[in-house]
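Fold and contact review
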Amino acid sequence: LGGSISRALQQMSNATIIDEKVLAECLNEITRALLQADVQFKLVRDMTNNIKKIVNLDDLAAGHNKRRIIQQAIFNELCKMLDPGKPSFTPKKGKTSVVMFVGLQGSGKTTTCTKYAFYHQKKGWKPALVCADTFRAGAFDQLKQNATKAKIPFYGSYMESDPVKIAVEGVERFKKENCDLIIVDTSGRHKQEAALFEEMRQVSEATKPDLVIFVMDSSIGQAAFDQAQAFKQSVAVGAVIVTKMDGHAKGGGALSAVAATKSPVIFIGTGEHMDEFEVFDVKPFVSRLLGMGDWSGFMDKIHEVVPMDQQPELLQKLSEGSFTLRIMYEQFQNILKMGPIGQVFSMLPGFSAELMPKGREKESQAKIKRYMTMMDSMTDKELDSPTPKIMNDSRIMRIARGSGRQLREVMEMLEEYKRLAKIWSKMKGLKIPKKGEMSAL
Ligand code: GDP
Ligand code: MG
């Protein structure tokens, strides 16, 4: 998507005269791109119509900043589409709130319930989980496992088949225990749709949730609008969480979900783990949708931190989505050269909090040096392989011996590499802006 929109804008900025025909061509291109990103057809049409109204051709013809004006207009329109105009109900710490999760089976409800609980628990809340999914075998076990891992109290039953009864019992119990965030997970079976919606309605009526959250898998494509609408028609959906944003989906379905439920997206799920969960923020999301980066700040930092002669190559590699051990090595070198590790690198995704916790700079530096010693024992092939699947036991053993480190340490270093590679792979397809170019937005 980013690619084709930039291309459309590029074509437009190359045209000397901006007339209606050029604008129409540009909007056609953008329409195609947004449809590919799973934005619903009607929404795209509304947006392009708005843009036609907003963008004044005379202004464009006179000014130089055509590209910027169009870009800004698209950006603003998409932001507006993600804003339903009113915030969702926000639970308050210390006051009891019941939050019910709904969504199709497989959308990520159970996972997201735990993430949501865990997120609040870290901030000092007292969350609790209630499993009102009596339909799927193993549903309670899954929630139990998740909850136990996060040390969150839970309620459910292997025997009881009435979801309403369990939901009510669970909510009552945790109210008595003074939990301030009681989360009710529901079933989401595909078959017998009418029955599912009836069950949700009953659970909702019995537990009187303060907030109903609709959980949507970002990869469902154009189906997003109808699905969201179907749920909204049965229960009072008040907020949306979009899951699996770490996959290939471009996230355009989020626009549909907002339009269909008239509710804001509040979080996104970015992985299977408990902490792969982010507060939803409209502007960076739209930037990403358009491929122009909440990376703008990051890019500026690259220009500041990475030596000039290495920049083009590094950016090129990042845009290809390849993050090799050699790139990691070179970035470690840059970090160490900067002397005491400052805040500068805190901008680089992944290189901050986990690798270099604040206040533990000395330790981090020693760790980085240790990693580099091990990498010195690697072959060129190992360093340059885009997917280090070649890292088998015998290679790991050789590296450990060669660097005089433990096997465990080599493995730890490779884990660190994998973690960073995962984060940096999100930059694949990134349009590489020149210094300062993005400050326009
Ligand atoms: P439910 O049927 O709606 O309760 O969905 P589950 O919570 O059981 O999730 C279905 C599958 O999606 C599981 O394998 C989860 O690990 C996975 N999943 C959930 N959220 C995410 C996410 O944000 N990213 C990825 N990659 N997987 C997710
Ligand atoms: Mg479930």
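Since the structure is predicted, the reported quantities are computational estimates derived from the model, not experimental observations.

Quick word on unusual backbone geometry
Most peptide bonds take the trans form, and the phi angle of most residues other than glycine is negative. Although it is not a glycine, K244 sits at a positive phi angle of roughly 60 degrees. Residue classification places K244 among the buried positions, given that 22 C-beta atoms sit within 10 Å. A positive phi angle is found at K262, which is not glycine, with a value near 50 degrees. When you line up the elements, K262 lands in the loop between α11 (253-261) and β7 (265-269). The partly exposed category is assigned to K262, around which 13 C-beta atoms lie within 10 Å.

Concerning the site of ligand 1
Taken together, 17 residues are adjacent to ligand 1, and G108, K109, T110, T111 and G269 come closest. For the shell around ligand 1, the leading source of residues is helix α6 (residues 109-122), giving three residues. Of the residues assigned to the shell around ligand 1, the class counts are no nonpolar, 13 polar and four charged.

Some remarks on the nonpolar core
Grouped together as the largest cluster of nonpolar side chains are 80 residues, with contacts concentrated most on L129, V130, I182, I183, V184, F214 and A257. Shared between two domains, this core holds at least three residues of each, these being domain 1 (2-81) and domain 2 (97-286). Residues contacting V130, with those up to four places away along its chain left out, are Y155, G156, I166, A167, G170, V171, I182, I183, V184 and D185.

Overview of the environment of A206
For A206, the position within the fold is in helix α9 (residues 193-207). For A206, a count of 16 C-beta atoms within 10 Å gives the class partly exposed. The sequence separation of A206 and A167 amounts to 39 residues, and the corresponding C-alpha distance is 8.0 Å. Contact partners of A206, with chain neighbours within four places excluded, come to V164, A167 and V168.

Here is what the cut-offs are and how they apply
- Residues numbered from 1 in each chain as written.
- Chains lettered and ligands numbered in written order.
- Predicted model: local features only at pLDDT ≥ 70, side-chain atom pairs only at ≥ 80, totals over all residues.
- Buried ≥ 20, exposed ≤ 12 C-beta atoms within 10 Å, placed from the backbone.
- Helix = DSSP H or I, 4+ residues; strand = E, 2+ residues; numbered from the N terminus.
- Near = placed C-beta within 6 Å.
- Nonpolar A, V, L, I, M, F, W, Y, C, P; charged D, E, K, R; others polar.
- Core = buried A, V, L, I, M, F, W, Y, C linked by C-beta atoms within 7 Å.
- Domains from an automatic or database assignment.
- Contact = placed C-beta atoms within 7 Å.

So far we have only geometry, and geometry alone does not tell us how the molecule works.
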